[in-house]
Amino acid sequence: MIEIEHLTKRYGKKTAVDDLTFAVKPGVVTGFLGPNGAGKSTTMRAIVGLDAPTSGLARVNGQHYSQFKSPLTEVGALLEAKSVHAGRSAYKHLLALARTHGIPAKRVHEVIDLVGLHEVAGKRVGGFSLGMGQRLGIAVALLGDPAVLILDEPVNGLDPDGVKWIRLLLKGLASEGRTVFLSSHLMSELAQTAEHLIVIGQGKLLADTTVDDFVNGSGKARVRVVSPDAARLAEHLAGPGITIASPERGVLEVSGTEAAVVGQTAAAHGLVLHELRTDRGSLEDAFMQLTADSVEYRQTVEGAK
Amino acid sequence: MTAAAMTERPAAYVPKGGYRLTGAGLLRSEWTKLWSLRSTWIVLLCAVVFAAGLGALISASVPSDQGLAGADMALSFAMAGVSMSSVFIAVLGILTVTGEYTTGSIRSTMSAAPKRLGVLAAKAVVYGAVVAVLFSAMVFVTFFLSQALLDDPALSVSLGDDGVLRALFGYVAMIVYLALLAIALGSILRNSAGSIAFYIGVIMILPQLATILPWDWVADVVPYAPGNVANTLILVDTSQSTLGVGESWLWMGIWLVVAYGLAGVLLKRRDV
């Protein structure tokens, strides 16, 4: 359980996080979504005590992170991938961290195998690719077998294989009752991994909801119809609250109604349908809609100065 | 959220016990970090080779008929390379801290030890101990090497002579003091180039340059400068120095308290 209460962080005059309040619950993967500079990384850094909040607080399982007697077994964090000395080997980096807590070298080998770095563990990290650095960061996060995982853009730089692997890994960890909190700018990725969603923009909370509700609530669901009689069907469908677009000949995109209604209308008028499908709004659409508002908001504020 | 969804949730995971963040753990961690970098081996090797090599080279080339005499003169030949060597030690000390900031590994370090001060203490203890052991060995090897190479019987010194052993350990103390000062400096400035420039410019060179200034009070103050307070310790005959041996220790202590006090406060206050 991660609790953020009225968290505000200013860097000089710039407000990175603005009175943010939300909670991340155990047992599900929670996604943290927001455009660049929205304050995701700052929030995550505040949780593990790297940044001190200007006001408000961030707690993990009811405690401030620095009060834990064994921080690494409470929270595992991947903040920026290359939080490693370039001249040190992956193994020694993990070993140095493990030793602070008396975690045995056996566990270091375990996490190295788990993230698939076995063959390069003895090599200097400076020569690692982005994806390898990312895997090492994940190994660091998993080192203490922690109850809470905080991962900033974990799929960055991973190949499709790695993306699939981490998706399954995170879901598995959440199903064991852990708190899994990951940020991403890949909204489609979050849709496949996360169950719950925290969306921020301009350092402010925009949404705290389930992924399903977020997508459905975006009002972007629409019905796609392919018909040789598209023009006539459109005439019969037209009505208040219904918008019909025709992206290409013979294809209609109808919003404001349901597929069943469209099908019945076509049958009632004896029109042939080749395809009838509901396109749920994508997470991207919902996200763009939300953040577009926050971008506009900023511009009006700047314009007012 | 529905009640059904709530009950589907697994019970919150409880981390396995047994592991603790400890001071001993931090020391072992810093030990691992120190020796897992190639630069440590290279710089320490350079420091020892320069100190011993320069001392031997100069001792071997001292002419025997110049009327040079005395234990301090003999030691100054033997330890001719130590001040050069101290720069290597200070730079490596600075890098043990600033290297973490420039590479970002400080984020891993401080996430594992969020109270932070223990990390600084562990770095100081580990590096100080390594330098102490290394230079204790180096100082004695160089002393005997130099004595074997010096021709002039007037420069012949024995470990049993009054003050010689104390002066030799004085060299070790001075180097350890400078190493500790360098770590605090690195922690305060957090930037490799800036810290090294500050160390060489302000700690090493400025007090020497200041003595050229025409004001008397400058000459009175210079022996108390952080880079100079250890200078008494390396003398066999301390009767001519401004600071006595006890005062020298006291001032080393004062400067370390000041440096680590500032470093500690900043470490706690600043974002990583």
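Predicted, not measured: the structure shown is a model, and the values here were computed from it. (Residues numbered from 1 in each chain as written. Chains lettered and ligands numbered in written order. Predicted model: local features only at pLDDT ≥ 70, side-chain atom pairs only at ≥ 80, totals over all residues.)

Chemist: How should I be thinking about the overall build of chain A in this particular structure?
Modeler: Within chain A, the regular secondary structure consists of 11 helices and 13 strands. By its C-alpha atoms, chain A is 75 × 50 × 35 Å across when sized along the principal axes. Of all 305 residues assigned to chain A, the portion counted as buried reaches 45%. Sequence separation of 24 or more characterises 69% of the internal contacts of chain A that already satisfy a separation of 6 or more. (Helix = DSSP H or I, 4+ residues; strand = E, 2+ residues; numbered from the N terminus. Buried ≥ 20, exposed ≤ 12 C-beta atoms within 10 Å, placed from the backbone. Contact = placed C-beta atoms within 7 Å.)

Chemist: I keep staring at the pairing of strand β10 (residues 222–226) of chain A and nothing clicks. Help me out?
Modeler: Looking along a regular strand, one sees side chains alternate from face to face of the sheet. Taken together, the 5 bridges between β10 of chain A and strand β12 (residues 251–255) of chain A define a ladder with antiparallel strand orientation. Each bridged residue has a counterpart across the sheet, and for V226 of chain A the counterpart in β12 of chain A is V251 of chain A. (Pairing = 2+ DSSP bridges.)

Chemist: Help me out: how do you make sense of the sheet that holds strand β5 (residues 75–78) of chain A in this one?
Modeler: The pairing of strands in a sheet happens through backbone hydrogen bonds and is either parallel or antiparallel. All names here are of chain A. With mixed pairing, 6 strands are arranged side by side in an open sheet as β5-β6-β7-β3-β8-β9. Every interior strand has two partners, whereas the edge strands, β5 and β9 (204–210), have only one. For this sheet the average axis-to-axis angle between neighbouring strands, irrespective of direction, equals 15°. Where β5 lies against strand β6 (residues 148–152), 4 bridges are found, and the strand directions are parallel. Along β6, the bridge assignment pairs A77 with I150. Helix-sheet contacts for helix α1 (residues 40–47) involve β3 (29–33), β6, β7 (179–184) and β8 (196–201), and the interaxial angle to β6 is about 150°. (Axes fitted to C-alpha atoms, helices over the stretch in contact; angles between N-to-C directions.)

Chemist: Just to check I follow, could you spell out the nonpolar core for this structure?
Modeler: Where a protein is soluble and globular, its nonpolar side chains tend to be buried together. Grouped together as the largest cluster of nonpolar side chains are 155 residues, with contacts concentrated most on L94, I112, A139, L143 and I150 of chain A together with I175 and A179 of chain B. Tallying contributions element by element places helix α8 (residues 164–189) of chain B first for this core, with 18 residues. In this structure I150 of chain A touches M44, I47, V48, V75, A77 and F181 of chain A, once residues within four positions along its chain are discounted. Core analysis: the next-biggest nonpolar cluster, separate from the first, contains 9 residues, V225, I244, V254 and A266 of chain A among them. (Core = buried A, V, L, I, M, F, W, Y, C linked by C-beta atoms within 7 Å.)

Chemist: Honestly, the environment of L79 of chain A in this entry has me stumped. Any pointers?
Modeler: Inspection of the secondary structure puts L79 of chain A in the loop between β5 and α3 (90–100). Here L79 of chain A falls in the buried class, since 23 other C-beta atoms lie within 10 Å of it. For L79 of chain A, the contacting residues outside a window of four places in its chain are M44, R45 and D152 of chain A together with R107 of chain B.

Chemist: For this particular structure, what's the right way to read the domain arrangement of chain A?
Modeler: Frequently, the measure chosen for interface size is the accessible area removed from exposure when the parts meet. Split by domain assignment, chain A resolves into domain 1 (2–216) and domain 2 (222–279). Measuring from the centre of the C-alpha atoms in domain 1 of chain A to the corresponding centre in domain 2 of chain A gives 45 Å. (Domains from an automatic or database assignment.)

Chemist: What am I meant to see in the interface of chain A and chain B here?
Modeler: Counting from both sides, the interface comprises 44 residues of chain A and, opposite them, 37 residues of chain B. Within the residue set of the side of chain A that touches chain B, elements represented by two or more residues are α2 (71–74) and α3 of chain A. If you tally residues by element for the side of chain A that touches chain B, the top one is α3 of chain A, at 6 residues. Residue composition of the side of chain A that touches chain B, grouped by class: 18 nonpolar, 15 polar and 11 charged. (Nonpolar A, V, L, I, M, F, W, Y, C, P; charged D, E, K, R; others polar.)

Chemist: Sorry if this is basic, but what is going on with the sheet that holds strand β4 (residues 55–60) of chain A here?
Modeler: Residue and element names in this part refer to chain A. Read across the sheet, 3 strands follow the order β2-β1-β4 without closing on themselves; strand pairing throughout is antiparallel. With one partner strand each, in any of the chains shown, β2 (14–24) and β4 form the two edges of the open sheet. Mean inter-strand twist for the sheet, computed between neighbouring axes without regard to direction, equals 20°. Where strand β1 (residues 2–11) lies against β4, 5 bridges are found, and the strand directions are antiparallel. The residue bridging I2 from the neighbouring strand is V60, located in β4.

Chemist: Sorry if this is basic, but what is going on with the UniProt feature "transmembrane region" (unreviewed entry) in chain B here?
Modeler: In this structure's numbering, the residues bearing the UniProt feature "transmembrane region" (unreviewed entry) are residues 41–62, 74–97, 117–145, 165–189, 196–215 and 249–267 of chain B. Segment residues 249–267 of chain B splits into 100% helix and 0% strand. End C-alpha atoms: 26 Å apart. (UniProt positions renumbered as here; feature names shortened; annotations may be inferred.)

Chemist: I would appreciate a short explanation of the confidence of the model for chain A in the present structure.
Modeler: Predicted coordinates in regions of low pLDDT should not be interpreted in detail. All names here are of chain A. Predicted confidence across chain A gives a mean pLDDT of 88, with 92% of residues reaching 70 or more. By mean pLDDT, the top-scoring element of chain A is α3 (97), and the lowest-scoring one is helix α11 (residues 283–304) (59). The model gives residues 298–305 a pLDDT under 50, and that stretch makes 1 contact with residues more than four places away or in other chains. (pLDDT = per-residue confidence, 0-100.)

Chemist: Explain the packing of helix α3 (residues 38–61) of chain B against helix α7 (residues 117–149) of chain B to me, please; I cannot follow it from the model alone.
Modeler: Helix-helix packing: each pair is described by the crossing angle between the helix axes and the interaxial distance. Residue and element names in this part refer to chain B. Across the interface, α3 lies against α7 with an axial gap of 8 Å and an inter-helix angle of 20°. It follows that α3 is roughly parallel to α7 by the angle criterion. Considering the relative orientation of α3 and α7, their crossing is right-handed. Along its contact with α3, which presents L44, V48, A51, A52, G55, A56, S59 and A60, the element α7 presents L134, M138, V141, T142, L145, S146 and L149. Here the residues of the contact of α3 with α7 sort into 11 nonpolar, 4 polar and no charged. (Parallel < 35°, antiparallel > 145°, perpendicular 65-115°, else oblique. Left-handed = near helix turned anticlockwise from the far one by under 90°.)

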